[in-house]
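# Results of the structural survey
Okay, here's what each chain looks like letter by letter:
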Amino acid sequence: MSHALVDAGSFRDPSGRIYDLNGEIYRTVLNKAVAEFNHVRDSGLAAKLMSKGKLVATEEVKNSTLKKAGILAPMVLRHARIPFVSYPYEWSFPLLKAAALLHLDVQIEALRAGVSLSDSTAYNVQFDGPNPVFIDVLSFRQYRDGEIWAGHRQFCEQFLNPLLLRAYFGIPHNAWFRGNLEGIETAMLARMMPWWRNFSFNVLSHVTMQANFQAGAMANNAKGIAKAKTVKLPKLGFERMLLSLRDWIKGLQPKDTGATVWQHYAENTTYNDAERQAKVRFVSEFCAKRKPKVLWDIGCNSGDYSEVALGAGASRVIGFDFDQGALERAYARAKAKKLNLLPLFQDGANPSPSQGWANEERKSTIGRGGADAVVALAVEHHLAIGRNVPLDGVVDSLVKMAPAGIIEFVQKNDQTVQQLLALREDIFPDYNQANFERALKGRARVVKSEKVSASGRTLYWFDRSKK
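These notes cover the structure that comes with them. (Residues numbered from 1 in each chain as written. Predicted model: local features only at pLDDT ≥ 70, side-chain atom pairs only at ≥ 80, totals over all residues. Heavy atoms only, no water.)

## Digging into the pairing of strand β5 (residues 75–79)
- Counting buried positions along β5 yields 4 of 5 residues, so the element is predominantly enclosed.
- As paired elements, strand β3 (residues 24–29) and β5 share 5 bridges and run antiparallel to each other. Across the sheet, the residue bridging to Ile25 is His79, located in β5.
- Pairing analysis gives 4 bridges linking strand β4 (residues 58–61) to β5, with the strands arranged antiparallel. Each residue of the ladder has a partner; that of Thr58, found in β5, is His79. (Buried < 20%, exposed > 50% of the residue type's maximum accessible area, 1.4 Å probe, protein only. Helix = DSSP H or I, 4+ residues; strand = E, 2+ residues; numbered from the N terminus. Pairing = 2+ DSSP bridges.)

What follows is the structure in structure tokens.
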């Protein structure tokens, strides 16, 4: 019997814990939550949301292996496994917007079924490809007549405020959210808002007034707090507020700050058609041979080669890039073509770390793992030349991501490398193909290599499982 691994982030839920046992995901339901869960189940809400793909597939388990592992609970649920857990600070604007709309849709549908949500954390949403799915079945509880929205502040700070930061100021939310795992404080956002934004009822009610109320609470305004606790919100008014907020968020778009550096890279590469086709053939052959269930596309840009990989045999692709414009295009591609592609924000030289409580609540990128293969095309020179990461370290990092993959080496005389060196001294005497090959062969077997451009760009197919 394998040891059941408790999810380090599930300690926040007073209703139950999450366990990973033999690759299966279980959730215990503690005594205090059984009645609420039964109410939601009997209302038909959970089944309805699951049938629409809005709620993670869940089933009750009577005699689970969890019990045999010594973990006892009055009720145990088994969830469909999320292939790769992502966090709000890794989502682009359209991913965060899709997650916010899903949360509101779930809340609205729940309210109509006599159910509400106990919180509104963005971490309760995950993605299956580009599609959001709600994962916390224990945050549903019976609606109480006249109750106000308990999760309003949390929704604003983890969904709305990050979206407004980009929509109104052109600032991506990712670094701020990663630095503060609870989101963007309403008080901070309110300070940034120009006075004329308060002519918007939405800004006034969801930002300014909420910031003022929080300030009063922090000042220990006991009278005001006591009064707030007596406020009643009719169910119809609650639903109308949610619908109004949904309409507002649906219309938000990133502020136009011009094209990002790599947004149109796919159309403006130095490859000619023959060279591009050679690269496509190489990636296709690799994926047809390996048939990876989960492939990581490092530097996925707008998803061109993610799509190639999916068409050739990969079941799912998790893309990583740091360019917001490219990520937005990759998301649009995934939605339009129904690709099993999840493009996430990631700086290759500063990937998501393990953080939160005890540095375990939110796992590092590599700590979430699970990649069967990795493709890193036109990436290593950005790390080695652009970010001063030793070439040996770049190779080591990429090879550790998966047992097999493709890495593209770009010669120093290549146009893109010369652009990186244009305004700085060349302090990279060890950056050459011989050293790259030495580093790669020291860590994996090179199955195949092929030069795919006139400048000498070369693709390397590696396999470390037989090294």
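## Focus on the nonpolar core
- Among the nonpolar cores identified, the biggest contains 92 residues, and Trp91, Phe140, Phe155, Leu164, Ile249, Trp296 and Ile298 are the most heavily contacted of them.
- The element best represented in this core is helix α4 (residues 93–112), accounting for 13 residues.
- Those residues in contact with Ile249, other than ones at most four positions away along the chain, are Lys97, Ala100, Leu101, Leu104, Phe155, Leu160 and Leu163. (Core = buried A, V, L, I, M, F, W, Y, C linked by side-chain atoms within 4.5 Å. Contact = heavy atoms within 4.5 Å.)

## With respect to the packing of helix α11 (residues 273–290) against helix α12 (residues 304–312)
- At a minimum axis distance of 8 Å, the contact between α11 and α12 shows a crossing angle of 45°. Here α12 runs oblique to α11, going by the angle between their axes. As for the relative orientation of α11 and α12, their crossing is right-handed in sense. Contacts between α11 and α12 involve Arg276, Lys279, Val280, Val283, Ser284, Cys287 and Ala288 on the former and, on the latter, Tyr305, Val308, Ala309 and Ala312.
- In the contact of α11 with α12, the residues fall into 8 nonpolar, 1 polar and 2 charged. (Axes fitted to C-alpha atoms, helices over the stretch in contact; angles between N-to-C directions. Parallel < 35°, antiparallel > 145°, perpendicular 65-115°, else oblique. Left-handed = near helix turned anticlockwise from the far one by under 90°. Nonpolar A, V, L, I, M, F, W, Y, C, P; charged D, E, K, R; others polar.)

## What to know about the side chain of Thr208
- You can see Thr208 is positioned in helix α8 (residues 201–218).
- With sequence-adjacent residues up to four places away left out, Thr208 is seen in contact with Asn198 and Val203.

## Quick notes on the sheet that holds β3
- In spatial order, the strands read β1-β2-β3-β5-β4; together these 5 strands make up an open sheet with antiparallel pairing. Taken across any chain shown, the strands that pair with only one partner, and hence form the sheet edges, are β1 (5–6) and β4.
- One ladder, built from 2 bridges, connects β1 with strand β2 (residues 18–21); its direction is antiparallel. Bridging across to β2, Leu5 finds its partner in Asp20.
- Across the sheet, helix α1 (residues 31–43) touches β3, β4 and β5, and the angle it forms with β5 is around 55°.

## Thoughts on the packing of aromatic side chains
- All chains considered together, the criterion is met by 17 aromatic pairs.
- Ring geometry for Phe155 versus Phe159: centroids 4.9 Å apart, planes at 35°, classification tilted. Placement of the pair is Phe155 and Phe159 together in helix α5 (residues 152–169), with a separation of 4 residues, close to one helical turn. In this pair, the class of Phe155 matches that of Phe159, namely buried.
- Their ring planes at 70° and their centres at 5.8 Å tell us that Trp195 and Phe199 sit as a pair that is edge-to-face.
- You can call Phe199 exposed: its relative accessible area is 70%.
- Put simply, the rings of Tyr87, Tyr89, Tyr123 and Phe177 touch in pairs and so form one group of aromatic residues.
- The ring of Tyr168 carries the charged tip of Arg197 above its face, separated from the ring centre by 3.6 Å. (Phe/Tyr/Trp six-rings, centres within 6.5 Å; stacked < 30°, edge-to-face > 60°. Lys NZ or Arg CZ within 6 Å of the ring centre and 35° of its normal.)

Keep in mind these values describe shape, not function.
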